[in-house]
Amino acid sequence: MQDETGERFGVLVGWQSADLGDRMVLEIQTVERATWESGEKPFLTKIMMTNNQATVLANYLLKASGSMPPPRRRWMARLFG
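Residues numbered from 1 in each chain as written. Predicted model: local features only at pLDDT ≥ 70, side-chain atom pairs only at ≥ 80, totals over all residues. Heavy atoms only, no water.

Peer 1: Tell me about the overall build of the protein, and please be specific about residues and values.
Peer 2: Of regular secondary structure, the protein possesses 3 helices and 3 strands. The N-to-C order of helical and strand elements in the protein reads β-β-α-β-α-α. Against the compact-globule benchmark of 12 Å for 81 residues, the protein has a radius of gyration of 18 Å, which places it well outside the compact range. With the C-alpha coordinates aligned to their principal axes, the bounding extent of the protein is approximately 55 × 30 × 25 Å. For the protein, restricting intrachain contacts to residue pairs at least 6 apart in sequence, the fraction spanning at least 24 positions comes to 23%. Looking at the protein as shown, the accessible area adds up to about 7,300 Å², and 57% of this sits on carbon and sulfur atoms. The protein carries 10 positive and 9 negative side-chain charges, and their two centres are separated by 17 Å. (Helix = DSSP H or I, 4+ residues; strand = E, 2+ residues; numbered from the N terminus. Rg over C-alpha atoms; globule rule 2.2 N^0.38 Å. Contact = heavy atoms within 4.5 Å. Areas by Shrake-Rupley, 256 points an atom, 1.4 Å probe, with all protein chains shown as cover. Lys, Arg positive; Asp, Glu negative; His and termini not counted. Charge placed at Lys NZ, Arg CZ, Asp CG, Glu CD.)

So, in structure tokens, the structure goes:
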């Protein structure tokens, strides 16, 4: 579905990533109402980003969702864990 500005709106139904060393490719699958109702395959969007961009995006999504990042293990726990 597109609005009057031409932007598409859909629902996230899947994702995966591919490691390219210092970069990665994030593949996002979305469906729109018309796509879902007609049984068509989801739209696939591939986004290439640096690992730093992926980290910033992950932190943004954690904050936006109200979640907390996993706790860091202290150096003593790493030694004995």
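Alright, that's what it looks like, and here's the rest.
Peer 1: So, the sheet that holds strand β3 (residues 43-50): which residues are in play, and what are the values?
Peer 2: Strand order in the open sheet formed by 3 strands is β1-β2-β3, and the pairing between neighbours is antiparallel. In the strand order of this sheet, the two ends are held by β1 (11-19) and β3, each with one partner. Averaged over all neighbouring strand pairs, the angle between strand axes comes to 20°, with direction disregarded. Two strands pair when backbone bridges link them, and β1 and strand β2 (residues 23-31) are joined in this way by 8 bridges, in the antiparallel orientation. (Pairing = 2+ DSSP bridges. Axes fitted to C-alpha atoms, helices over the stretch in contact; angles between N-to-C directions.)

Peer 1: Help me get a handle on a nonpolar patch on the surface, residues and values and all.
Peer 2: A cluster of nonpolar side chains, Leu 57, Tyr 60 and Leu 61, forms an exposed patch at the surface whose accessible area comes to about 310 Å². As for its position among the elements, Tyr 60 is in helix α2 (residues 51-65). Its relative accessible area of 56% is what places Tyr 60 among the exposed residues. (Patch = residues over 30% accessible without salt bridge, like charges linked within 9 Å, V, L, I, M, F, W, Y side chains within 5 Å. Salt bridge = Lys/Arg side-chain N within 4 Å of Asp/Glu carboxyl O. Buried < 20%, exposed > 50% of the residue type's maximum accessible area, 1.4 Å probe, protein only.)

The values are spatial; any link to function lies outside them.
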